[in-house]
Amino acid sequence: MTWNPVSSISQYAKNAGGAAAADYYLKFYAAGTSTPILMAADSTGSPTLAKAKVNSLGYPVNGSDAVFVPHMDQNYRLVLYANDVDADANT
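1. Some details on the side chain of His71
Item 1. By the element assignment, His71 lies in strand 8 (residues 71–72).
Item 2. In this structure His71 comes out as buried when scored by relative accessible area, which is 10%.
Item 3. Looking at His71, its side chain comes within polar contact range of the main-chain oxygen of Val69, at 2.8 Å.
Item 4. Setting aside its immediate chain neighbours within four residues, His71 contacts Trp3, Asn4, Pro5, Met39, Ala40, Ala41, Asp42 and Ser43.

2. Topic: the packing of aromatic side chains
Item 1. In this structure the tally under the stated criterion is 1 aromatic pair.
Item 2. Ring geometry for Phe28 against Tyr76: centres 5.1 Å apart, planes inclined by 85 degrees, an arrangement best described as edge-to-face. Placement of the pair is Phe28 in strand 2 (residues 25–30) and Tyr76 in strand 9 (residues 76–81), with a sequence separation of 48 residues.
Item 3. With a relative accessible area of 0%, Phe28 lands in the buried category.
Item 4. Above the ring of Tyr25, the side-chain terminus of Lys51 is found at 5.5 Å from the ring centroid.
Item 5. Sitting above the plane of the Tyr29 ring, Arg77 keeps its charged end 4.6 Å from the centroid.

3. Let's talk about unusual backbone geometry
Item 1. Omega for the bond connecting Ser46 with Pro47 falls within 30 degrees of zero, at 0 degrees, which places this linkage in the cis form.
Item 2. Positionally, Pro47 belongs in the loop between strand 4 (39–40) and strand 5 (48–49).
Item 3. Even without a glycine there, the phi angle at Asn90 is positive, about 55 degrees.
Item 4. Examined against the element boundaries, Asn90 turns out to sit in the segment after helix 2 (84–89).

4. Some remarks on the pairing of strand 2
Item 1. Of all the 6 residues making up strand 2, 6 are buried; the element is thus mostly covered by neighbouring parts of the structure.
Item 2. Side chains of strand 2 alternate between two faces, with Tyr25, Lys27 and Tyr29 and Leu26, Phe28 and Ala30 buried alike.
Item 3. Two strands pair when backbone bridges link them, and strand 2 and strand 9 are joined in this way by 6 bridges, in the antiparallel orientation. The residue bridging Phe28 from the neighbouring strand is Leu78, located in strand 9.
Item 4. Pairing of strand 2 with strand 3 (residues 36–37) involves 2 bridges; the strand directions are antiparallel. In the strand pairing of strand 3, Phe28 is matched with Ile37.

5. Some details on the confidence of the model for the chain
Caution is warranted with low-pLDDT regions, since their predicted coordinates should not be read in detail.
Item 1. Taken as a whole, the chain shows an average pLDDT of 90; of its residues, 97% reach a score of 70 or greater.
Item 2. Taking the mean pLDDT of every element in the chain, the minimum, 67, falls on helix 1 (residues 9–12) and the maximum, 97, on strand 3.

Quick notes on the rules
Residues numbered from 1 in each chain as written. Predicted model: local features only at pLDDT ≥ 70, side-chain atom pairs only at ≥ 80, totals over all residues. Heavy atoms only, no water. Helix = DSSP H or I, 4+ residues; strand = E, 2+ residues; numbered from the N terminus. Buried < 20%, exposed > 50% of the residue type's maximum accessible area, 1.4 Å probe, protein only. Polar contact = N/O pair within 3.5 Å; in protein donor to acceptor, adjacent residues only side chain to side chain. Contact = heavy atoms within 4.5 Å. Phe/Tyr/Trp six-rings, centres within 6.5 Å; stacked < 30°, edge-to-face > 60°. Lys NZ or Arg CZ within 6 Å of the ring centre and 35° of its normal. Pairing = 2+ DSSP bridges. pLDDT = per-residue confidence, 0-100.

In structure tokens, the structure reads:
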């Protein structure tokens, strides 16, 4: 399975006012569905994350607040949630 980087996340991680979506959460779904899929932290496919918090510059960070480039192994749609609760509930 090939894990490919998702480029230009920071261009998408903006709130309604156009500022970086700090403290928002990023999730991926299988293309055309509402089925959540995991993102990988690198091209090896490991570790995987169900969601990633967005830092003050609009970049996704892992559990230790290190910036990373999400990698995907399938077609996807990207969703930003304003908070952790909505991300977990897929609402």
